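Residues per chain, in single letters:
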Amino acid sequence: LKGVKDLVINQRTPIRVLHRRSVAVRQRTVHNLQIEVINQRFLLLQLQTEAGTYVKEFVHGDLGRTQPSLGGLLGCEADILQLDVMEVEL
């Protein structure tokens, strides 16, 4: 995934927010993606995304509701242990 820039993803309304959001497909852009491998099972992921991107769903794919997903790109199941917002550009 080195050098991935401006990756366009399609996100259907995530399962976890369906009760409060309308059903829609939203196209969002992952502008920059950097991965630091910690070991065979863990990595540190830094993303710069378009506003409104469901980051957790981008990582695990939300049962196919986000395409492509990080897990899909890596060819494995992926999940998120911790999410920290590092910066917000206004």
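Residues numbered from 1 in each chain as written. Predicted model: local features only at pLDDT ≥ 70, side-chain atom pairs only at ≥ 80, totals over all residues. Heavy atoms only, no water.

A. Layout of the pattern of salt bridges. By the definition in use, this model includes two salt bridges. With its nearest N and O atoms 2.5 Å apart, the salt bridge here joins Arg16 to Glu57. Here Arg16 is found in the loop between β1 (5-12) and β2 (25-37), whereas its partner Glu57 is found in helix α1 (residues 55-60), with 41 residues between them in sequence. Classification of Glu57 as buried rests on a relative accessible area of 1%. Arg65 is the salt-bridge partner of Asp62, the closest N and O atoms lying 3.6 Å from each other. With respect to burial, Asp62 and Arg65 carry one shared label: buried. (Salt bridge = Lys/Arg side-chain N within 4 Å of Asp/Glu carboxyl O. Helix = DSSP H or I, 4+ residues; strand = E, 2+ residues; numbered from the N terminus. Buried < 20%, exposed > 50% of the residue type's maximum accessible area, 1.4 Å probe, protein only.)

B. Spotlight on a nonpolar patch on the surface. Where nonpolar side chains cluster on the molecular surface, the patch consists of Leu1, Ile35, Val37, Leu43, Leu73 and Leu74 and spans about 460 Å² of accessible area. Those elements giving two or more residues to the nonpolar patch turn out to be β2 and α2 (70-74). Take Ile35: it is sitting in strand β2. Ile35 gets classed as partly exposed once you look at its relative accessible area, which sits at 33%. (Patch = residues over 30% accessible without salt bridge, like charges linked within 9 Å, V, L, I, M, F, W, Y side chains within 5 Å. Areas by Shrake-Rupley, 256 points an atom, 1.4 Å probe, with all protein chains shown as cover.)

C. Focus on the sheet that holds β1. Strand order in the open sheet made by the four strands is β3-β2-β1-β4, with antiparallel pairing throughout. Every interior strand has two partners, whereas the edge strands, β3 (43-49) and β4 (66-67), have only one. Pairing of β1 with β2 involves seven bridges; the strand directions are antiparallel. For Asn10, the partnering residue across the bridge sits in β2 and is Gln27. (Pairing = 2+ DSSP bridges.)

D. Spatial organisation of the nonpolar core. Judged by nonpolar contacts, Val4, Leu7, Ile9, Val30, Leu33, Phe58, Val59, Leu70 and Ala78 together constitute the single largest core of nine residues. Looking at this core, the elements with two or more residues in it are β1, β2 and α1. The residues touching Val4, leaving out its near neighbours within four places in the chain, are His31, Asn32 and Leu33. (Core = buried A, V, L, I, M, F, W, Y, C linked by side-chain atoms within 4.5 Å. Contact = heavy atoms within 4.5 Å.)

E. Here's a closer look at the environment of Leu7. Along the chain, Leu7 falls in strand β1. Along the sequence, Leu7 and Leu45 sit 38 residues apart, while their C-alpha atoms lie 15 Å from each other. Residue contacts for Leu7: discarding those within four places in its chain leaves Arg28, Thr29, Val30, Phe58, Pro68 and Leu73.

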